[in-house]
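Listed below are the residues making up each chain.
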Amino acid sequence: MKACRIEQSIRILLSPMEAPANGNNSVSGIKGLRFLVIQTLVTLTTLKWVLLSTIAGIIVGIPTAIFLRLLDGGIDIVYEMPFFYLLIPVGLVTSYLLVSRLAPDAKGHGTEQVIDAIHHRDGTIDLKVVPVKMVATLVTLILGGSAGKEGPSAQIGAGVASGFARLIHMNKLDKQRFVLCGISAGFSGVFGTPIAGAIFASEVLSIGRFHYNRLLPALIASFVSLFITSTLGVRHLSFAVDYTISTEVVVLFQMVGFGLAIGMLAVLFIFVLTRTEHLFERISLPGGVKALVGGLILIAVVLVTGTTNYIGLGMELIDLALDGEPYRGIAPFFKMVTTSVTLSAGGSGGILTPVFFIGTMAGNFWAQIFSLDIAVYSAIGMIAFLAATTNTPIASAFMAFELFGLGTGSWAAIAAAVSYLIVGHLSVFPSQIIYQKKTFFADLEVHDVPIHLSMSGIRRVFSAFFRGYRDERDEAMTPGGVSIAENERHRFDEQVKPHTPGRTYYPLSTVPHTPTRTYADVPEGVESMEEKHRLTMQEQVDKVREYVDSASRICVLTGAGISAECGIPTFRDAQTGYWARFDPAEIATPEAFKENPARVWSWYAARRQALLRVDPGPGHLALVRMEGFADRVTVVTQNVDGLHHRAGSSHVLDIHGNLLRVRCTNGCVAFHRNEKTPEALAAFEGDMAAGFAAEAAERDEDFNEIEVPKCPRCGENLRPDVIWFGEMLPTTRLEAAFAEAERCDLFFSIGTSAQVQPASSLPRIAADRGVPLIEINPEPTPLTDRATISIRGGAGDVLSRVL
Ligand code: APR
């Protein structure tokens, strides 16, 4: 009897549609059992990763140690020879030939290729890369090329990890995580800083997003690789720079100033690196000849400067600088040139050791100019330059703690945070994805914001800065994510109450599962895809699942249908749609607002009030889950309800605006409902008052009496920040949406009648490119005949089956 109950409970847990509508199971019993099952799975997953990442640490640590030992041995021999630098061209030409002939994927400076493989190829790295990268880097570095050793170690490690993952048939997500261990194990094996290595791996994939679920594997792989490499005789970095923490405010500001300078130096380095790469690409000479030219340039640098300081790894100089030995201010610039030339001309090697060199030398010289402690500033320079060039401020701070102790590390963290911001959206790893902008102003060019270089043009840009750029402010203020409590409630509600009374559902049960059924309600000329392909609903769902599994960049267009499941009316439904009850010309145009602001304000206020009473629906939540299946899921929504933001989707482009925002008709201010400035609150108090009047408006009572809230700055009417008919869409968001339609490899059109331009062009653009187009809608639409699969059903129900 008991076993039977348990079995029944498990069925309820695993199959939401089978849950009894008002079963006798005690809700707390189900909750307890569910918690137990899930907790066991969570623990098993954790243990699985302890095991897998230990394996990763071993299989990455061993080749890394071999590589490092060979490198040290080779350098010890070659650097003893007189005029060894004359061998540089040989090194570069050999490296070029090896890579181009045997494994073109081994090109580049290592870490960048691993990031790219994780983002775009599910972490797949050709096994051939491992030996080729190893030999090419050894030849480059031993014969005097200027580059680093951690990138190749990461690439070698990730290559081995990727091979192992394929061997044991790991799924896509696990493989990405496993391959990432290659970066952390490579980093820690080379530098001997396991925590920094793990944080680096979790931080380096994207700007502004720390991958917490990759931290444990990265940490364990890091530590194991450190043990292995130490046991196999690799010498790691160790310095004795520590600075007693002083509470002097002046030191704080010194760090800010230093961070600014280092950030600008990082901009220069990235510029020199990319320009040199482009230059070498453009020269129309065979690759081998370019490598030869590169080698000759490096020899020229040695002859001009009279020193071999700027070629090779440069580790001894970093050591000496960190001991307080003063170096010339020109040192960072020469190293920038030799490194850029080495890597652009066909040499193989990493970027971080040169980054350490440049940062250390910059700090060294800065300390000489301002009569500060040379050793300490060399150390902080190294860390701040690392943070800026790789966009990894947290890993850099940890590296400072591990290498230089808490004292120096604490100050370095401040300089690193400043330099990280100053460098903007630049990086030595261009495959990094920007998840969170550092500032909108770093991106003006990207967003095609015109800057007229006249006095008035420049003044306008700066006044935008002081006023706050409206579009960006909106984005920063949108609430993101579902709280743990909300998530828990939703999951449980979904499972025990599949049909919430009072909500509009289009359950799958109304959709027949027989393959031969013809839809009576399909208008003439529009053939349903189910008909077209003779697929059952389940087959369609399975197919969509396959598309999702193999996609890496998904673009989703949503419309009112996805929110209909939360009880928000659509626009074009014949009975309940807004446009069946209201004339858009009277409430959704700028002219209507001019003519009767109170009427328009109250209509929107009523919708806002209604909106505040609903939660994101199953469709919104499923799209958040979709993010676990692809590198990037962009939701372009025509809805102004902000429910995608509230559900927690990471990339939402609300191209029709947002009902929870208001702005001044003159364009001087914009507020979000959640904003807590006194002005915003005052505006929303007015809004609340309007809300009550709005409810009256819904009952056709007199709403002309309400007072439209005024802009606290200029006194003009405030208006909802939504796009009305005849108005321009926000350029930035719209362009980003079009760019996504051009780049994605899978497109979903969900819950939209696909009748309103320009949004309705987006799925067509994707379909024209041959990208699979999936439509989810209980009704056929003008898009149906273009869709690869068009599923008749409610967004939440279908998406929950797929994801
Ligand atoms: N799941 C999926 N789709 C649904 C569901 C559901 N549960 N319920 C209804 N739909 C579908 C309807 O069949 C319809 O095709 O959602 C669509 C809603 O269409 P519209 O009301 O026209 O909404 P939308 O396409 O978002 O309108 C676009 O028009 O007036 C403007 O600015 C307004 O953003 C809006 C734009």
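### Structural notes on the overall build of the protein chain
The helix and strand inventory of the protein chain stands at 32 helices and 11 strands. Evaluated residue by residue, the protein chain yields a buried proportion of 56% over its 803 residues. A sequence separation of at least 24 residues applies to 75% of the contacts in the protein chain between residues at least 6 apart.

### What to know about the pairing of strand S8 (residues 718-722)
Burial runs high along S8: 5 of the 5 residues are buried. Here strand S6 (residues 657-664) runs beside S8; their pairing, made up of 5 bridges, is antiparallel. Along S8, the bridge assignment pairs glycine 657 with valine 722.

### Things to note about the packing of aromatic side chains
Counting across every chain of the model gives 19 aromatic pairs. Their ring planes at 80 degrees and their centres at 5.8 Å tell us that phenylalanine 398 and phenylalanine 401 sit as a pair that is edge-to-face. One end of the pair is phenylalanine 398 and the other is phenylalanine 401, both in helix H16 (residues 393-422) and 3 residues apart, which spans about a single turn. The partly exposed category is assigned to phenylalanine 398, whose relative accessible area is 30%. Through a chain of ring-to-ring contacts, three or more aromatic side chains come together here, namely Phe187, Phe191, Phe200, Phe356 and Phe429. Taking NZ or CZ as reference, lysine 335 lies 4.8 Å from the ring centre of phenylalanine 357, over its face. Its end group placed over the ring of tryptophan 724, arginine 719 keeps NZ or CZ at 3.8 Å from the ring centre.

### Focus: the pattern of salt bridges
Scanning all chains against the criterion turns up 12 salt bridges. Where aspartate 126 meets lysine 128, a salt bridge forms, and the shortest distance between an N and an O atom there is 3.7 Å. Looking at aspartate 126, the relative accessible area reads 31%, which means it is partly exposed. Among the ionic pairs, aspartate 654 bridges to arginine 733, the shortest N-O distance being 3.0 Å. Residue aspartate 654 is found in strand S5 (residues 651-654), and its partner arginine 733 is found in helix H30 (residues 731-743); the two are separated by 79 residues along the sequence. As far as burial versus exposure is concerned, aspartate 654 and arginine 733 are alike and both buried.

### As for the packing of helix H8 (residues 194-203) against H16
Between H8 and H16, the least distance of the axes is 8 Å, while the angle of their chain directions is 175 degrees. In this view, H8 runs roughly antiparallel relative to H16, as classed from their interaxial angle. Residues Pro194, Ile195, Ala196, Ile199, Phe200 and Glu203 of H8 form the contact with H16, whose own contacting residues are Pro393, Ile394, Ala395, Phe398, Met399 and Glu402. For the contact of H8 with H16, the per-class residue count stands at 10 nonpolar, no polar and 2 charged.

### Observations regarding the packing of helix H10 (residues 249-282) against helix H13 (residues 331-344)
It is at 9 Å that the axes of H10 and H13 come closest, and there the two elements cross at 35 degrees. The hand of the H10/H13 crossing is right-handed. In contact with Leu265, Leu268, Phe269, Val272, Leu273, Thr276, Glu277 and Phe280 of H10, H13 contributes Phe333, Met336, Ser340, Val341 and Ser344. Tallied by class, residues from the contact of H10 with H13 come to 9 nonpolar, 3 polar and 1 charged.

### A few points about the sheet that holds strand S11 (residues 789-791)
In space, the 6 strands of this open sheet follow the order S5-S4-S3-S9-S10-S11, with parallel pairing throughout. Edge positions in the sheet fall to S5 and S11, since each has one partner strand and no second. The average undirected angle you get between the axes of adjacent strands in this sheet is 15 degrees. One ladder, built from 4 bridges, connects strand S9 (residues 746-750) with strand S10 (residues 773-776); its direction is parallel. Of the residues in S10, the one forming a bridge with phenylalanine 748 is isoleucine 774.

### Thoughts on the confidence of the model for the protein chain
In the predicted model, the protein chain carries a mean pLDDT of 80, and 77% of its residues have values of at least 70. Looking over the protein chain, one finds the lowest element-wise mean pLDDT in helix H18 (residues 470-477), namely 39, and the highest in helix H14 (residues 352-369), namely 97. Note that residues 486-533 has pLDDT below 50 and, in this model, 89 contacts with residues that lie over four places away or in other chains.

### Structural notes on the nonpolar core
In this structure, Phe269, Ile351, Met399 and Phe404 are the most contacted members of the largest nonpolar core, which totals 113 residues. Broken down by element, this core gets its largest block of residues, 12 residues, from helix H15 (residues 374-390).

### Considering the environment of glycine 288
Structurally, glycine 288 can be placed in helix H11 (residues 287-305). Here the alpha-carbon distance between glycine 288 and leucine 92, two residues 196 residues apart in the chain, equals 8.4 Å.

### A word on a negative patch on the surface
A surface patch of like charges, here negative, comprises Glu316, Asp319, Asp323 and Glu325. Relative to the elements of secondary structure, aspartate 319 occurs in helix H12 (residues 315-322). When its relative accessible area of 36% is taken as the criterion, aspartate 319 is described as partly exposed.

### Section: a nonpolar patch on the surface
Taken together, Leu279, Ile283, Leu285, Val289, Val293 and Ile297 make up a surface patch of nonpolar side chains, about 410 Å² in accessible area. Ranked by residue count, the leading element in the nonpolar patch is H11, at 3 residues. Its place among the elements puts leucine 279 in helix H10.

### Things to note about the environment of proline 104
Mapped onto the elements of the fold, proline 104 is located in the loop between helix H3 (88-102) and helix H4 (111-120). Take proline 104: its relative accessible area is 53%, and that puts it in the exposed class.

### Remarks on H12
Listed as buried for H12 are Met315, Leu317, Ile318, Ala321 and Leu322. Across the axial projection of H12, the buried residues extend over an arc of 160 degrees, all falling on one side. Those residues of H12 that are buried are in contact with H14, H15 and H16.

### Some points on the state of the cysteines
This model, assessed by the stated rule, comprises 0 disulfides. The closest cysteine sulfur to the non-disulfide-bonded cysteine 555 is located on cysteine 744, 5.1 Å from its own sulfur.

### Details of the side chain of serine 162
Locating serine 162 in the fold gives a position in helix H6 (residues 150-167). For serine 162, a relative accessible area of 0% puts it in the buried group. Of note is the side chain of serine 162, whose polar atom sits 2.9 Å from the backbone nitrogen of isoleucine 125. Sequence-distant contacts of serine 162, that is, excluding residues within four places in its chain, are made with Gly123, Thr124, Ile125 and Val179.

### What about the environment of leucine 320?
Take leucine 320: it is sitting in helix H12. Residues leucine 320 and serine 378, spaced 58 residues apart in sequence, show a C-alpha to C-alpha distance of 9.9 Å. In this structure, leucine 320 is in contact with Glu325 and Tyr327, ignoring residues within four places of it in sequence.

### Concerning unusual backbone geometry
Phi angles above zero are rare outside glycine, and histidine 169 is one such case at about 55 degrees. Its location among the elements puts histidine 169 in the loop between H6 and helix H7 (172-191). Unlike most non-glycine residues, serine 371 shows phi in positive territory, near 50 degrees. Positionally, serine 371 belongs in the loop between H14 and H15.

Scoring rules and cut-offs
Residues numbered from 1 in each chain as written. Predicted model: local features only at pLDDT ≥ 70, side-chain atom pairs only at ≥ 80, totals over all residues. Heavy atoms only, no water. Helix = DSSP H or I, 4+ residues; strand = E, 2+ residues; numbered from the N terminus. Buried < 20%, exposed > 50% of the residue type's maximum accessible area, 1.4 Å probe, protein only. Contact = heavy atoms within 4.5 Å. Pairing = 2+ DSSP bridges. Phe/Tyr/Trp six-rings, centres within 6.5 Å; stacked < 30°, edge-to-face > 60°. Lys NZ or Arg CZ within 6 Å of the ring centre and 35° of its normal. Salt bridge = Lys/Arg side-chain N within 4 Å of Asp/Glu carboxyl O. Axes fitted to C-alpha atoms, helices over the stretch in contact; angles between N-to-C directions. Parallel < 35°, antiparallel > 145°, perpendicular 65-115°, else oblique. Nonpolar A, V, L, I, M, F, W, Y, C, P; charged D, E, K, R; others polar. Left-handed = near helix turned anticlockwise from the far one by under 90°. pLDDT = per-residue confidence, 0-100. Core = buried A, V, L, I, M, F, W, Y, C linked by side-chain atoms within 4.5 Å. Patch = residues over 30% accessible without salt bridge, like charges linked within 9 Å, V, L, I, M, F, W, Y side chains within 5 Å. Areas by Shrake-Rupley, 256 points an atom, 1.4 Å probe, with all protein chains shown as cover. Lys, Arg positive; Asp, Glu negative; His and termini not counted. Charge placed at Lys NZ, Arg CZ, Asp CG, Glu CD. Arc of directions from axis to C-beta. Disulfide = S-S within 2.5 Å. Polar contact = N/O pair within 3.5 Å; in protein donor to acceptor, adjacent residues only side chain to side chain.

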